[in-house]
Amino acid sequence: MFRTLLVCLPYGLVLVKMAVARALRHRSKHAWRDALHQLRSSTSNNVKDSDVDDCFRMHDVTRDFLLSVACRGVYIFLEKMIPEYLDSSNENKLGNYYAISMVLNDLEGFPIGIDCPKLQLWRLEGSMGLVQFSGDKNYFDGMKELKVVLMHHVSIPSIPLSFLTLGKLITLCLEHCKLGDLSHIKELKHLEILSFMHSDIEKLPKEIRELSRLRLLDLSDCKNLTVIPFGVFSSLFNLECLYMMNSFCQWGFHGQNSQNQATLDELKNLSHLTTLEIHIPDVNLFPTDLLFGNLVRYKIFIGMDVSQVINYSHPKTLSIAIDQGLSLHGGIYKLLKSAQHLVLDYSIVNYLEDLNSIVYDLRKGFKHLRCLEVYGYTGVESLIDTKIFPVLENLKVVSAADLRMICYDHLPDQSFCELRELMLSILPELTCLWVDPMRNVCLHNLRTLYVSGCHKLKDLISQSTARDLSELQKLYVSSCENLKVILFKDEGDSSSRIVLSKLKSIKLEFLPSLWSFCPEADANLVQEPLFSSKVDFPSLEELTLRELHSVNEIWPRQFSTADFHSMRILIFFGCDKLVLVFPSYIQKMLKNLEILSIEWCDSVEEVCELNELDIHNENDANLATLPCVRDLILGKLPLLKHLWWNKNINPHAYTSLQNLNSLHIYECDGLIHLFSVCAIKNLVQLQELKVCSCKMMETIFANEGEDDIIVLSELFHISLVDLPELSSFCKGSTSLQFPSLELIEIKSCPKIKAFVTSDVHQEENLFNEKVALPNLQALYLDGLSSMIGIWHTQLPDKSFSKLQVLKVISCNQLLDLGPINMLPRLQMLEEIHIINCASLQQLFTIKHSQTHQNFASVSLIKLVDLVLGNLPNLRQIWWDRSKTPKETSRFQRLASFEVSSCDLLDCIFPVWVARCVPRLQKLKVESCMSVKTIVEYNGGKSEPNDIILPQICSIELENLPNLVHFCTRMSVLRWLSLKELRILNCYKMGSFVSTSSLNGEGSGGFLEENHSNSNKVFFVEKVVFPSLEKLRIDNLECVNTLWSTDTVAESFSQLSILEVRNCNNLVKLIPSSLLPRLQNLEELSVNQCRLLEKILEQTEEYSVENVMLPKIHTVRLIKLPKLACFFSGNRSFEWPNLERLVIEDCPTMKMFSLVGQIVPKLNAVEVGYGLLVWNVDLDSTFRHL
């Protein structure tokens, strides 16, 4: 029988392929193979002509498959349309379309009642969040032929009435949607496919039982679905596919329908059911007579947390987690017999009798089982009899505490002949895999062998069995303490070679007793290499040897011409008896080696042995030493004294450098240098060089006196870390050019003074004319205690012209960053961090008057981030000393500036700099003992419209004992962007802005104000912060009033957090005139202000009866010895959101206020030590404190 699936050509078959491909993502190759077979059969035989133009017919099997794909979440875009196209002028064009797919933010512009007589598919997807789908608009009027409706990311409060007019609707997919009342869905009598996959739905409506034609129901990943009424499933007689994984699992017990919850008993009525995905949390919910006679595909998890299951590889998958007694009744037994992928998990609770019964039944024969996984198997010494698994492809056994062998007794011929993957893990009693005296085990299909945590295992596989491993691709053996050999010699075995022709990867890890992979002798009487001549590895690409403490030699002296020829990756770690890694005879076999890592091999003295007899055969390519190595790591090799490429006895040694991209050397304390000049010239591909913790390393490149130019054209990263004897990167008269170098990191190298040094003269700067760095973007210098200067006055053209990041830390001899004539080269600088440089006096120096005239006005216009920390001798930050600089945008991109522990600075910004940082957003000044003002006017006057720091967002001033004020202003200081202000431990700061007359230069541009002033207002009326959200004041000894009563109306109107601490001269906190602006205040905290008498001061100018503080939720009043009340006036406050009130150590506070307060959410007062007090209302509570 043929039915029609309408799709718009020319997309036809391409659309089919795209839909199938997206549906099969993350599926097994078996699923792909099955889909490929269906597509081939459909396209070759089952595509028929349709009586509708531009369409084709498809067999209903393929049709159902593709529709199920669509309803499982594959987005089929047939004709993409935008709302602008759906206006009235284009409505007549829609009559010929069969499908519309839209991705919209909303449906406001979608026309109602458009005429689409041929439209059969309508798809809507929300592009940004959920689209609201209104039920009172008839979007589908004029679409009477519509058969498929797909909605994704749509909010549907109820089934729209417009749906009810779609009499021919067959498929409805509401996926990733938020769903409400779906009761009217019963009117869609022709529905065959219904999907709510990934949707937010709590209850499945009972009306779904009336959809008697339904063939597919998808409830996958409906994680909030907890209610399915009893009788829904039993009424869907035609249901063929039911998907419920990661969804509803609150099944009722059969025979107990009074609870009105669906039961598994109902599935017995579904005689057409062929596909089922379901989670059954309790095995006792499974009816004994539920047989599933027609199931073709199923994924059933019984008692297992499905969130732990990643995927499944076969159409028939059954997972059983045994946490209680299990009865093998007819239904479960039938599933066991038909399962292709079976998971048995006994790791929760050990029910030995149930396990034995399953194992007994397993031994009766499971002819279809391809994958078996067993977890937590205890109490049994052997697992299976291979006669019952004729097609078993995958066997995985984990945590079987008592298992001694996989199979016991005489094995039949061709046992395990279909096995492709074998995984054995955490089997502490396993002594052998099987007993096979007749050599009946056949592993000719085995691809992967994984063995781990089998400590009593002494050998793995017999050599006779290994001859069948023609398909083996991966071998991983780990953490088997007593394992001595991999392939053991069995009696009567022939002496012919074993060829593992497809083996690509070997990993042998944490095997302290392993001494041979395949021994030639019967016992470890004569020391042999790990690999012997008995085994060939023509395809081996990756070899990892980790913690093999009994191996002192790896390679056989005799091997076939193709042996190890394909090796690409070699990793040796913790092989502490290994002395020589690559003897000369093995090197010619490793021509394709790309990645080499040798680490923590304490006895290694030489990596590559070089044969002096080959010196006369320079042109013989077969003698090349590791010619294709791309990545090389040598680490923790304390006895390694030289590298093979520096031994001049053999010209072939340099070949291993020609393709080298990355070199990482660490803790090789015997190395004095890395490269000779001859070796350097072969580093034509080197991109990354890292050298770390080599205690004797004196230089990286050693020049034997040649005056030469060396170009490392591909090198982009150099890292030199913890090299206590390193005096230079290159020693000699060589010039170095690094056209691609982007990053240099030099850290903890106390003896290095210059990157390139010579014996002719002593170099005082790290970089000089012998080093060309035209592409350098980041320079990190840390712990260079001998470095005096960074840059020489003469440098190669364009060197450092692309530098963006400069970080200098703990360079105690450094006096400055360089001469001012370096500034034109540094125009790309975005970050400067200078920290812990004890001798630094200024950033850039002006040594000659002519230099000052030419370069003083040059600034860093791209500088974004400037950090100066712990520079005790820094006297000047900004290098232009002129009183009235002409430039107005000198540091126009500076956004963040932090200064800390710079004790000789008396100000942070000259006023001309403050005017030239229009984008500064964050300013932090901390622990600068001599700073008296942040912005200094140099004796001049502030202009009426003077604008400084116009975009500042955050200011932190902390531990500035001599700070008097931020700046001096005669005009309003208006910061529209300031959101956070923190001022801590600034004892002499009496006001934020000083309005006193300015003194001359001799006083540094300001006068210290008289601290005995009786009325010290911190925020005067000239301070306007309309966007300030967080204000923290701590330890301002000179302040007795925070706000002026004449504060500008817009100022502080966004304040949400106010914290005041240790202001011991403060008498009152908030003037009542400020109250109308505190509508956004959420938290108020006042702590340790010893003279504070009231929080809120009432003034005659401002008097209203009731005050609303709508957002405040927390008030803390702590250690205020003179506080009498919050407010002494006669006004009532409303605190609709106050939930937390803390009153601690306020001994004189006997009332909150004179008038009762409205605090609907407050139900306790915290009084310290975790105590909560409450007595009817707030006033009564205070009276009883």
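What counts, and at which threshold
Residues numbered from 1 in each chain as written. Predicted model: local features only at pLDDT ≥ 70, side-chain atom pairs only at ≥ 80, totals over all residues. Heavy atoms only, no water. Helix = DSSP H or I, 4+ residues; strand = E, 2+ residues; numbered from the N terminus. Buried < 20%, exposed > 50% of the residue type's maximum accessible area, 1.4 Å probe, protein only. Contact = heavy atoms within 4.5 Å. Areas by Shrake-Rupley, 256 points an atom, 1.4 Å probe, with all protein chains shown as cover. Pairing = 2+ DSSP bridges. Core = buried A, V, L, I, M, F, W, Y, C linked by side-chain atoms within 4.5 Å. Phe/Tyr/Trp six-rings, centres within 6.5 Å; stacked < 30°, edge-to-face > 60°. Lys NZ or Arg CZ within 6 Å of the ring centre and 35° of its normal. Salt bridge = Lys/Arg side-chain N within 4 Å of Asp/Glu carboxyl O. Disulfide = S-S within 2.5 Å. pLDDT = per-residue confidence, 0-100.

Enquirer: Got a minute to help me understand the overall build of the protein in this structure?
Expert: Tallying secondary structure elements over the protein gives 11 helices and 76 strands in all. Counting over 1185 residues, the protein shows a buried share of 54%. Across the protein, the fraction of contacts at a sequence separation of at least 24, relative to all contacts at a separation of at least 6, is 74%. Element-wise, carbon and sulfur atoms account for 48% of the exposed surface of the protein, whose accessible area totals about 49300 Å².

Enquirer: Explain the pairing of strand S29 (residues 569-573) here, please?
Expert: A regular strand places its side chains on the two faces of the sheet in alternate fashion. Counting buried positions along S29 yields 4 of 5 residues, so the element is predominantly enclosed. In this sheet, S29 lies alongside strand S28 (residues 542-546) in parallel orientation, the contact comprising 5 bridges. Residue pairing in the sheet places Thr544 in a bridge with Ile571 of S29.

Enquirer: I'm lost on the nonpolar core in this one. Help?
Expert: Residues Phe582 and Phe992 are the most contacted members of the largest nonpolar core, which totals 340 residues. Among the elements that take part in this core, helix H10 (residues 911-914) stands out by supplying 4 residues, more than any other. Phe582 has contacts with Trp555, Leu570, Phe572, Gln587, Leu590, Leu593, Leu596, Val607, Cys608, Glu609 and Leu626, leaving out every residue within four places of it along the chain.

Enquirer: I would appreciate a short explanation of the sheet that holds strand S6 (residues 131-132) in the present structure.
Expert: Backbone hydrogen bonds are what pair the strands of a sheet, in a parallel or an antiparallel way. The 3 strands lie next to each other as S6-S8-S10, forming an open sheet whose pairing is parallel. Each edge of the open sheet carries a strand with a single partner, namely S6 and strand S10 (178-181). As defined by bridge partners, strand S8 (residues 154-158) adjoins S10 across 3 bridges and the pair is classed as parallel. Considered in S10, the bridge of Ile156 is made with Leu179.

Enquirer: Mind showing me how you'd approach helix H4 (residues 330-338) here?
Expert: Side chains of residues three or four places apart in an α-helix project in the same direction, reflecting 3.6 residues per turn. What H4 keeps buried is the set Gly331, Ile332, Leu335, Leu336 and Ser338. Elements in contact with the buried residues of H4: strand S15 (297-302), strand S16 (316-321) and strand S17 (341-345).

Enquirer: Quick question: what am I supposed to make of the sheet that holds strand S38 (residues 709-711) here?
Expert: Read from one edge of the open sheet, 3 strands run S38-S41-S45, paired in parallel fashion. Of all the strands in the sheet, the pair left with one neighbour each is S38 and strand S45 (771-772).

Enquirer: Explain the packing of aromatic side chains to me, please; I cannot follow it from the model alone.
Expert: Note on aromatic pairs: each is described by the distance of the centres and the angle between the planes. Counted according to the given criterion, the structure contains 53 aromatic pairs. Ring-pair connections join several aromatic residues into one group, and the members of that group are Trp644, Trp645, Phe675, Phe701, Phe729, Phe738, Phe755, Phe767, Trp791 and Phe800. Here the guanidinium or amino end of Arg546 rests over the ring plane of Phe573, the centre of that ring lying 5.0 Å away.

Enquirer: Is there a simple way to think about the pattern of salt bridges in this case?
Expert: Proximity of charged atoms lets side chains of opposite charge pair with each other. Under the defined criterion, the tally for this structure stands at 33 salt bridges. Between Lys690 and Glu688 there is a salt bridge; the shortest N-O distance is 3.8 Å. The partly exposed category is assigned to Lys690, whose relative accessible area is 29%. Taking the shortest distance from any N to any O, the salt bridge between Arg1032 and Glu1059 comes out at 3.7 Å. Note that Arg1032 is positioned in strand S64 (residues 1030-1034) and Glu1059 in strand S66 (residues 1057-1061), a separation of 27 residues in sequence. On the basis of relative accessibility, which here comes to 22%, the residue Glu1059 falls in the partly exposed class.

Enquirer: Even after reading the chapter, I still don't get the pairing of strand S57 (residues 954-958), so can you show me in this structure?
Expert: Taking burial as the measure, the 5 residues of S57 include 5 buried ones, the bulk of the element. Side chains of S57 alternate between two faces, with Ser954, Glu956 and Glu958 and Ile955 and Leu957 buried alike. Where S57 meets strand S60 (residues 980-984), 5 bridges bridge the pair, whose relative direction is parallel. Within the sheet, the bridge partner assigned to Ser954 lies in S60 and is Glu980.

Enquirer: Would you take a moment to explain the environment of Leu469 for this structure?
Expert: Positionally, Leu469 belongs in the loop between helix H6 (463-466) and strand S23 (474-478). The exposure class of Leu469 is buried, given its relative accessible area of 3%. As for Leu469 and Arg447, which are separated by 22 residues in sequence, their C-alpha atoms are 8.2 Å apart.

Enquirer: Would you mind going over the state of the cysteines with me for this structure?
Expert: Covalent bonding between the sulfur atoms of two cysteines defines a disulfide. Counted according to the given criterion, the structure contains 0 disulfides. Take Cys575: it sits in no disulfide, and the sulfur closest to it among the cysteines is that of Cys601, at 4.9 Å. For Cys575, a relative accessible area of 3% translates into the label buried.

Enquirer: So what exactly am I meant to see when it comes to the confidence of the model for the protein here?
Expert: Low pLDDT means the predicted coordinates in that region are not meant to be read closely. Residues of the protein with pLDDT of at least 70 account for 79%, and the chain-wide mean is 81. The model gives residues 883-889 a pLDDT under 50, and that stretch makes 10 contacts with residues more than four places away or in other chains. Confidence drops under pLDDT 50 across residues 997-1013; counting only partners more than four residues distant or on other chains, this segment forms 35 contacts.

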